[in-house]
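# Fold and contact review
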Amino acid sequence: MRACARYVVRQHGGDPAAWYQKRCAAPEGLGPPPGAVSGLAECGEGADAGLLWPLLAHPADGVRARAVAGLRALDRVDTHRLRPLLDDPAPGVVRETAVALLPYVAEIPADLLLERTGSAWPRHVRIGALRLLDALGGLAALRAAVGLLEDPDETVRTRAGRSVQGWRPSAHLRFRDPEVGELLQRSRHLMSEAALRRRKWEAGVGS
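Residues numbered from 1 in each chain as written. Predicted model: local features only at pLDDT ≥ 70, side-chain atom pairs only at ≥ 80, totals over all residues. Heavy atoms only, no water.

### Some thoughts on the packing of helix α7 (residues 91–101) against helix α9 (residues 123–136)
How two helices pack is summed up by the angle between their axes together with the distance between the axes. For the record, the criterion: Interaxial angles span 0 to 180 degrees and are taken between N-to-C directions of axes, which are lines fitted to C-alpha atoms, for helices over the stretch in contact. In this text, helices come from DSSP runs of H or I with a minimum length of four residues, and strands from runs of E with a minimum of two, each type numbered from the N-terminal end. Roughly parallel means an angle under 35 degrees; roughly antiparallel, over 145; roughly perpendicular, 65 to 115; everything else is oblique. By definition in these notes, contact holds between two residues if any of their heavy atoms fall within 4.5 Å. Three classes are used, and their members are as follows: Ala, Val, Leu, Ile, Met, Phe, Trp, Tyr, Cys and Pro are nonpolar, Asp, Glu, Lys and Arg are charged, and the others, Gly among them, are polar.
Remark: α7 packs on α9, axes separated minimally by 9 Å, with the N-to-C direction vectors making an angle of 10 degrees. As judged from the angle between their axes, α7 and α9 are roughly parallel. Within the contact between the two elements, α7 uses Pro91, Val94, Arg95, Ala98, Val99 and Leu101 and α9 uses His124, Val125, Gly128, Arg131 and Leu132. Residue classes in the contact of α7 with α9 are distributed as seven nonpolar, two polar and two charged.

### Side note on helix α13 (residues 193–203)
Each full turn of the α-helix corresponds to 3.6 residues, which orients residues three or four apart in the same direction. Going by this rule: Categorising residues by exposure relies on relative accessible area from a 1.4 Å probe, with only protein chains included: less than 20% of the type maximum marks a residue as buried, more than 50% marks it as exposed, and the intermediate range marks it as partly exposed. Here the arc refers to the directions that run from the helix axis out to each C-beta atom.
If you check which residues of α13 are buried, you get Leu196, Arg199, Lys200 and Ala203. Seen end-on, α13 carries its buried residues on one side only, within an arc spanning 95 degrees. Packed against the buried residues of α13 are α11 (154–166) and α12 (178–186). Directly beyond the C-terminal end of α13, a positive phi value near 75 degrees is found at Gly204.

### Considerations on the nonpolar core
A general feature of soluble globular proteins is that nonpolar side chains tend to end up buried together. Under the convention used in this document: Within this scheme, the nonpolar core is defined by two criteria: the residues are buried Ala, Val, Leu, Ile, Met, Phe, Trp, Tyr or Cys, and they are joined through side-chain atoms within 4.5 Å.
If you look at the biggest cluster of nonpolar residues, it comprises 55 residues, and the most contacted ones within it are Leu56, Leu82, Leu113, Leu132 and Val180. Beyond its immediate chain neighbours, meaning those up to four positions away, Val180 contacts Leu139, Leu142, Trp167, Leu173 and Ala203.

### A closer look at unusual backbone geometry
What you tend to see is this: most non-glycine residues have negative phi, and most peptide bonds are trans. Even without glycine at this site, Asp75 takes up a positive phi of about 60 degrees. By relative accessible area, Asp75 is classed as exposed at 53%. Despite not being glycine, Arg176 shows a phi value in the positive range, around 60 degrees. Given the relative accessible area of 61%, Arg176 is considered exposed.

### A short note on the packing of aromatic side chains
The condition is simple: Only rings of Phe, Tyr and Trp enter the pairing, Trp through its six-membered ring, and a pair is recorded when the two centres are within 6.5 Å. The plane angle decides the type: under 30 degrees is stacked, over 60 is edge-to-face, the rest tilted. Geometrically, a lysine NZ or arginine CZ counts as sitting over a ring once it is within 6 Å of the ring centre and also within 35 degrees of the ring normal.
Applying the stated criterion to the full structure yields zero aromatic pairs. A cation over a ring is seen here: Arg81 above Trp53, with NZ or CZ 3.9 Å from the ring centre.

### Observations concerning helix α10 (residues 138–148)
Buried residues dominate α10, accounting for nine of its 11 residues. Looking at the buried side of α10, the elements it contacts are α8 (110–115), α9, α11 and α12.

### Here's the deal with the confidence of the model for the protein
For the record, the criterion: The predictor rates its confidence in each residue with pLDDT, a number between 0 and 100.
For the protein, per-residue confidence averages 90 on the pLDDT scale, and residues scoring 70 or more make up 93% of the total. The spread of mean pLDDT over the elements of the protein runs between helix α1 (residues 2–11), the lowest at 67, and α7, the highest at 98.

In structure tokens:
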């Protein structure tokens, strides 16, 4: 719908990008509607990221989420500046932040993500951290997923089970690490005997 509206505006000599820029630069008390933030990312340029960064602190959840998505669309992701939003109270913001940070997960300390899989954190924060750990792989990912198999939330337990089932030893995993064997054994109910043997063999912790 936004694309169609922009087409009509252009046909009448208007400039959609300039309109979006004006709305996104509105005083803090007014703020842009979430659609204007998305629109700016859709037809803006990299320099327009300067209008989106301040919106990460906007009081409206939808605006913060769209600002993160917009920065990703404009290829202006900064892991240091986006990382705090992994703790955002709004699930939509954390979800968009995790997606934006996926290509840069190697820049995020694994311990920081592991900490956020603890039961003291909200469900959406635990899920966001697990998603990034999945992308990071290695021992940290397996440790987090197996730990979350006992999470009090069924949604988190289900997500953790899928993570365990999809886990594979990565190139930077220490071969024959006994902790890997222990973690795989704890999650043996999630896979067949043949699959369990293969995972252990790949990690060098079983025949």
